[in-house]
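A closer look at the structure
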Amino acid sequence: MGKRYRQIDIRERCEISRLREEGRTICEIAASMGRAKSTISRELRRNGKKKGEYEPVYAERQAVGRRWRGSKLERDDELRELVLAGLRAGLSPEQVACSLELLKGEKVISHESIYRFVHGQIGRTKDYGWRNYLPQRKSKRGYRGRRGGSPASFIKMRRSIWERPECAETRDAPGHWEADLMMFSRHGQAVLALHERQSRILLGVRLESKASDPVAEAMERMLAPLPAEWRRTMTFDNGTEFAKHYRLHELGMETFFCDVRSPWQKGGVENAIGRLRRSLPRKTDLGALSDEEFERLFLVYNNTPRKCLGFRTPAEVFLSQALHLKCESIFPLSRE
């Protein structure tokens, strides 16, 4: 194992100052003190005065003052209020950081600093209400695995995602979709979400059951009005609700499945559902949500500028590719 680095202390700074007054070079000072040349050079450059002067007391103050004194958001009340206001408005930390950069004309804070500040508050205060400032409302960072098997071996006519056409991965052509279910705390409530990889358009419909037949019927009903070039492939995870995937073959679509326990391979719909969860959390009672309110959630999503689209909206990209479609066919309708 390598040696552990040790910070220069005040005694060594006094020794550096004495050797500098004797006219010693950086190499000679480093050899005399048993330090690396880069360590001595960095110390003189960062903590020395102008014109090459070096005083140990001044250098010590510089080093102490540069050390971490708490989060930037803890020290700057005005900046903290601006950031928290953006988070309360539903923006992600990255959107807040970029909007402040545009407003100030320079980089103000990074999204990573915002995440660290929020999670730091949770760790120090044990107030888990801070997680509500984050898009996915997670009190801990990272992924937690789950035990259990996979029903992949029981899905008939299952094809691996590795057999999917390359244009689906590169997003060069429209018509490549990903599907997933949004589940809710009330039994039997679910939303079927379909995400188109090129335009990022998101379609959704409420379901009364997550059984495979109703799910397949809903997908057929949503995709049938689209022209053939918008019905090429569909990618699923290995849930049993997609066991009747082969019914989409009648629409001319090929169907593929992610590897076991790898839903991230259909990351487009996973990301879309994560964004939709900001206004449609798991505890929502779908029965109390009107058709107009449900449709409005998808309208907002499809008309929100996306960084991956050059800050165009999914609706704009979809329309530019399919001008012959009626405008209302862009958005999901939950009514018959």
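Just so you know, the residues in each chain are numbered from 1, in the order the chain's sequence is written. Side-chain atom pairs in this predicted model are given and counted only at pLDDT of 80 or more, local residue features only at pLDDT of at least 70, and totals for whole chains, interfaces and linings cover all residues. The side-chain figures draw on all heavy atoms in the structure; neither hydrogens nor water molecules are used.

So, on to the pattern of salt bridges. Between Lys or Arg on one side and Asp or Glu on the other, a salt bridge is scored when a side-chain nitrogen of the former is within 4 Å of a carboxyl oxygen of the latter. By the definition in use, this model includes 25 salt bridges. The partner of Glu 178 in a salt bridge is Arg 197, with the nearest N and O atoms 2.6 Å apart. In this pair, Glu 178 is assigned in strand β1 (residues 176–183) and Arg 197 in the loop between β2 (190–196) and β3 (202–207), connecting sequence segments 19 residues apart. A residue is classified by how much of its surface remains accessible, and Arg 197, at 4% relative accessible area, is buried. In this structure, Lys 266 and Asp 180 form a salt bridge, with 3.0 Å as the shortest nitrogen-oxygen distance. Of the two residues, Lys 266 sits in the loop between β5 (254–257) and α11 (267–276) while Asp 180 sits in strand β1, which places them 86 residues apart along the sequence. Considered together, Lys 266 and Asp 180 belong to a single accessibility category, that of buried residues. Several salt bridges share partner residues, and in doing so they unite Glu 15, Arg 18, Glu 22 and Arg 24 into one network. Strands are runs of DSSP state E lasting at least 2 residues, helices are runs of H or I lasting at least 4, and numbering of each runs from the N terminus. Only protein chains enter the accessibility calculation, which uses a 1.4 Å probe; a residue is then buried when its area is under 20% of its type maximum, exposed when over 50%, and partly exposed in between.

Hydrogen bonding along the main chain pairs the strands of a sheet, whether they run parallel or antiparallel. Across the sheet, which stays open at both edges, the five strands sit in the order β3-β2-β1-β4-β5 with mixed pairing between neighbours. Each edge of the open sheet carries a strand with a single partner, namely β3 and β5. Between one strand and the next, the sheet's axes are offset by a mean angle of 25°, whatever the strand orientation. Note on contacts: a residue pair qualifies if any of its non-hydrogen atoms lie within 4.5 Å across the two residues. Axis lines are fitted through C-alpha atoms, for helices just across the contact stretch, and the angle between N-to-C directions can take any value from 0 to 180 degrees. The sheet contacts of helix α12 (residues 291–302) involve β2 and β3, and relative to β3 the element is tilted by about 160°. Two strands are said to pair when DSSP picks up at least two bridges between them.

Here we take up the side chain of Lys 266. For Lys 266, a relative accessible area of 0% translates into the label buried. Every residue in contact with Lys 266, bar those within four places of it in the chain, is listed here: Glu 178, Ala 179, Asp 180, Thr 235, Phe 236, Asp 237 and Cys 258.

This paragraph deals with the confidence of the model for the protein. Looking at the protein, pLDDT values average 87 and 90% of them are 70 or higher. In the predicted structure, residues 324–336 sits below a pLDDT of 50 and forms 32 contacts with residues beyond four places in sequence or in another chain. You can read pLDDT as the predictor saying how much it trusts each residue, on a scale of 0 to 100.

Glancing now at the nonpolar core. Among soluble globular proteins, nonpolar side chains are generally buried collectively. If you look at the biggest cluster of nonpolar residues, it comprises 24 residues, and the most contacted ones within it are Trp 177, Leu 192, Leu 194, Met 219, Met 234 and Phe 242. Contributions of two or more residues to this core are made by β1, β2, β3, α10 (212–223) and β4 (233–236). Residue contributions to this core peak at five residues, all from α10. Dropping the residues within four chain positions of it, Leu 192 is found in contact with Asp 180, Leu 181, Leu 203, Gly 204, Val 205, Leu 207, Val 215, Ala 218, Met 219, Met 222 and Phe 242. Side-chain atoms within 4.5 Å link the members of a nonpolar core, which is a set of buried Ala, Val, Leu, Ile, Met, Phe, Trp, Tyr and Cys residues. Counting residues in hydrophobic clusters, the runner-up holds 17 residues, among them Val 96, Leu 100, Ile 114 and Trp 130.

Next up on the list: the pairing of β1. The element β1 is largely enclosed, with a buried count of seven among its eight residues. Bridge count between β1 and β4: three bridges; the pairing is parallel. Following the sheet pairing, Glu 178 is matched in β4 by Thr 235. Bridge count for β1 against β2 is seven bridges, and the pairing is antiparallel. Residue pairing in the sheet places Asp 180 in a bridge with Ala 193 of β2.

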